[in-house]
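Chain residues, written in single-letter form:
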Amino acid sequence: DVQNACECSPDLRHETLAALNGVNGHVTSPEWLENAAQMNYHDGASLTALANAMTRAEISDADEESDDVSSSCSDESTPSSSIVLTKIPLCWHCRGPASILCTVCEAVYFCDASRKCRDLAWSHQCLCNTWKLYVDHRDELSSFPFFSGWQTPLIQKDCFTSENTYETYLMELGVIASQEDTPKRNWWTTELHGWAGGASTSAKDVDIFHRVSYADGFALDNIEMIPRERHVTANDADVKFDEHGLPILDSWQDWYQLRQISSSSPVALLATFPLTLYYAIQHYGSVPITVAKMLERPLRIHVVGIEKELNFVDLFREVGYLLPKESIQINMTWIVREDMLPQNSKGGKRLSLQLTSNVTLTIVAGTYGESLDPDFDLNGSPDMIVGLNAGLYAYESWRHVVTYLYTHPNVTGVFTDYNEHSGLNCASLGGSKARKSLSMNPFRQPRAMPVYCMNLPQFSNGFVYIFNEQELE
């Protein structure tokens, strides 16, 4: 079984193994192997916690023995490590500039035709056939049949290695300015250029207390291009509602028609964020909603890893507009790094906003599970934890979130990721059931994103997976 996982595929989902082995039906792996990534991760977390505790003790002892350290040493500034970002494809082995795709999977680049790096990159040989399956999913990921065609240039090959096509599209749309023009203040600029730890030009302009209308945020001239700012009703469209009165939305077409938006509107490029959050609540929040109603309190959602979403806080009013106006209340808490709070927060580490009559937003600065206790510092213990484009493997701080969900199986975690490989690895941290839950997000952004270390299909909120999915008994 272990040999098969190493030589055939590390993707232990039944459909993947069946496809690679040419077998009709399911190919199973033993349960212990399917949960191995989860167990290894938490074993590593325990060892890391122990190592950190021992390090702190050693530092404390060293400080007591060296009280006479000269002030001149303490005043010297430590050079900060430089971070180099590349926007050209990189060789899978040597990380140099590359342009030659693997001839089998077309998912990674190599730098030369002599096959030197290709032959040395033995790790890719373990992934090659699996990644070919992922690349074969590109057409399905790029399929948005409801839209009128405005998304077509945003899913072409030149978008895989450059943001220029997207930036040009937004300029022609009139929602961002060229470099020579005065910057425009709306929701598009930060969506394109990111938050940059609060240091980007668009991030510095954010006034968290200044409420922005849909008209100003979307910055589209045609009123048919944006949703109306009001709660939906059963009369708005031919849509089904679930047992809690939430509209059942399974595609962009469902939402566009419910909100009476023209199929030629590009608002999905921004709406992927609130719609993915709503999708998490409606599809995976039935039990948490039921429990909250039984306890006669709002549904508590902690959203971790917030960055550029701070630039379009008011876009998340859409979640409130889609929920039943009276029967469901939500206390949503965004956890951000302290350096990401807007400058006008005046040093405060907690900001509260009333997004809609049924959604309250609290923005709290700190590290989840470290400086912030999820049960005491964030308006009560969560019913759900959500992370958009999370990348649980990418940052050490996610370890506290994963550990909390592991020790609180009654809390549902919903996360998205950019590509299938990253999503699979991150979902595996939740065990076999979480791995099997990995699926394409119907509300992924209709735009292929550039990725320079590989050539896998990459979409914002592209894949969704669930930790601790709850079922009503």
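Here the structure is shown first, and the text comes after it.
Note that this is a predicted model, so its numbers are computed, not measured.

Asks: Help me out: how do you make sense of helix α15 (residues 286–294) in this one?
Replies: Because an α-helix packs 3.6 residues into every turn, residues spaced three or four apart end up facing the same way. Looking at α15, one finds that the buried residues are Ser286, Val287, Pro288, Ile289, Thr290 and Ala292. Residues of α15 that are buried make contact with α14 (268–284), β3 (299–304), β7 (384–387) and β8 (412–417). Glu296 lies just past α15 and shows a positive phi near 55°.

Asks: Explain the nonpolar core here, please?
Replies: Nonpolar side chains tend to gather and get buried jointly when the protein is soluble and globular. By size, the foremost hydrophobic cluster in this structure holds 127 residues, and its most contacted members are Trp131, Trp252, Trp255, Trp334, Leu392 and Phe415. Not counting chain neighbours up to four residues away, the residues in contact with Trp255 comprise Pro227, Leu249, Ile261, Val267, Ala271, Leu275, Glu318, Leu322 and Phe443.

Asks: Explanation requested: the packing of aromatic side chains in the structure shown.
Replies: Aromatic ring pairs are reported here in terms of the distance separating the ring centres and the angle at which the planes meet. Summed over the entire model, instances satisfying the criterion amount to 24 aromatic pairs. A centroid spacing of 5.1 Å and a plane angle of 85° characterise the contact between Trp252 and Phe443, whose relative ring orientation is edge-to-face. Of this pair, Trp252 sits in helix α13 (residues 252–258) while Phe443 sits in the loop between β9 (439–440) and β10 (463–467), placing them 191 residues apart in sequence. Ring centres of Trp398 and Phe415 lie 6.1 Å apart, and the angle between their planes is 85°; on these two criteria the pair is classed as edge-to-face. With Trp398 in helix α17 (residues 398–407) and Phe415 in strand β8, this pair connects stretches of sequence that are 17 residues apart. Note on Trp398: relative accessible area 5%, which makes it buried. Residue Phe415 is classed as buried on the basis of its relative accessible area of 0%. Taken together, the ring pairs connect Phe144, Phe146, Phe147, Trp150, Trp252, Trp255, Tyr256, Tyr279, Tyr284 and Phe443 into an aromatic cluster. Taking the ring centre of Phe160 as reference, the NZ or CZ of Arg138 above it sits at 4.0 Å.

Asks: Is there a simple way to think about the sheet that holds β9 in this case?
Replies: Sheet strands associate in pairs through backbone hydrogen bonding, adopting either a parallel or an antiparallel arrangement. Taken together, the eight strands give an open sheet; going across it, the order is β5-β6-β4-β3-β7-β8-β10-β9, and neighbouring strands pair in mixed fashion. Each edge of the open sheet is held by one strand with a lone partner, namely β5 (350–356) and β9. Note that β7 and β8 share four bridges and pair parallel. By the bridge assignment, Val386 is partnered in β8 with Val414.

Analysis parameters
- Residues numbered from 1 in each chain as written.
- Predicted model: local features only at pLDDT ≥ 70, side-chain atom pairs only at ≥ 80, totals over all residues.
- Heavy atoms only, no water.
- Buried < 20%, exposed > 50% of the residue type's maximum accessible area, 1.4 Å probe, protein only.
- Helix = DSSP H or I, 4+ residues; strand = E, 2+ residues; numbered from the N terminus.
- Contact = heavy atoms within 4.5 Å.
- Core = buried A, V, L, I, M, F, W, Y, C linked by side-chain atoms within 4.5 Å.
- Phe/Tyr/Trp six-rings, centres within 6.5 Å; stacked < 30°, edge-to-face > 60°.
- Lys NZ or Arg CZ within 6 Å of the ring centre and 35° of its normal.
- Pairing = 2+ DSSP bridges.

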